[in-house]
Amino acid sequence: MIRRRSERGYALLDAVVALGIVAVIAAMFVHVVHGTILSRRHVDSSRKAAMIAQSRLAELREGAVAAGTGREGRFVWQSTVAPYSGVAGGPGIERLTVTVREAANGRSVLAIETLRLAQ
């Protein structure tokens, strides 16, 4: 097959364009996978923090432990008991708060509150 002089460079140009398209698609795929991994880590971290906070709050609610701080894995938690001033002249009510932070950077992950009758 004889090619004309003007058609000689098209095969190389087509291959470079196709390679560029494949590179763009691969970069988009890597970006999506990386975002999914980060999202999954965040969800896992939030779930673990919620489990810690709920267990500490349940212990406080039952009066099994006093307010304080502690560490579980890569999280630091702090629980507080304070008077609740929302009901004037009503029964003594306390506000229980549990805050969970990341130990490495101190970033707050979760804080939950509830009320109980004063003990």
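Going along each chain's sequence as written, the residues are numbered from 1 onward. Since the coordinates come from a predicted model, pLDDT governs what is reported: local features require at least 70, and pairs of side-chain atoms require 80 or more to be given and counted, while whole-chain, interface and lining totals use all residues. Calculation of side-chain values draws on the structure's entire complement of heavy atoms; hydrogens and water are dropped beforehand.

A. Just the overall build of the protein chain, in detail. Within the protein chain, the regular secondary structure consists of 1 helix and 4 strands. For the purposes of this entry, the term helix denotes a DSSP run of H or I that reaches at least four residues, the term strand denotes a run of E that reaches at least two, and both are numbered from the N terminus. Put simply, the protein chain runs from its N terminus to its C terminus through helices and strands in the order α-β-β-β-β. Three exposure classes are used, based on accessible area relative to the maximum for each residue type with a 1.4 Å probe and protein chains only: buried under 20%, partly exposed in between, and exposed over 50%. Looking at the 119 residues of the protein chain, the share that counts as buried comes to 16%. The criterion used for residue contact is that any of the two residues' heavy atoms lie within 4.5 Å. Contacts spanning at least 24 positions in sequence make up 43% of the contacts within the protein chain whose residues lie at least 6 apart. Areas reported as accessible are Shrake-Rupley estimates using a 1.4 Å probe. Residue values count occlusion only from the protein chains shown. Approximately 8,900 Å² of the protein chain is accessible, and the part contributed by carbon and sulfur atoms is 61%.

B. Focus on helix H1 (residues 10-62). Expected span of a helix, by definition, is 1.5 Å for each gap between consecutive residues, and there is one gap fewer than residues. Taking 1.5 Å per residue, 53 residues should reach 78 Å; H1 reaches 78 Å between its end C-alpha atoms and fits that length. On the buried face of H1, the contacting elements are strand S1 (68-72), strand S2 (75-83), strand S3 (93-102) and strand S4 (108-117). Positive backbone phi, at 80°, marks glycine 63, one or two positions downstream of H1.

C. Quick peek at the pattern of salt bridges. When a carboxyl oxygen of Asp or Glu is within 4 Å of a side-chain nitrogen of Lys or Arg, the pair counts as a salt bridge. The full count for this structure, using the stated rule, is 7 salt bridges. Glutamate 113 is paired through a salt bridge with arginine 95; the nearest N and O atoms lie 4.0 Å apart. Linking glutamate 113 in strand S4 with arginine 95 in strand S3, this pair joins segments that are 18 residues apart in sequence. Given the relative accessible area of 31%, arginine 95 is considered partly exposed. The partner of arginine 107 in a salt bridge is glutamate 102, and the shortest N-O contact between them spans 2.7 Å. Three or more residues joined by partner-sharing salt bridges are found here, namely Asp44, Arg47 and Lys48.

D. The arrangement of the sheet that holds S4 in detail. Two strands are said to pair when DSSP picks up at least two bridges between them. Taken in spatial order, the 4 strands make up an open sheet running S1-S2-S3-S4, and their pairing is antiparallel. Strands with a single pairing partner mark the edges of an open sheet, and in this sheet they are S1 and S4. Each adjacent strand pair in this sheet contributes to an overall mean axis angle of 15°, direction not counted. Lines fitted to the C-alpha atoms define the axes, with helices restricted to the stretch that makes contact. Angles between their N-to-C directions range from 0 to 180 degrees. Most of the contacts of H1 go to S4, to which it runs at about 20°, and overall it touches S1, S2, S3 and S4.

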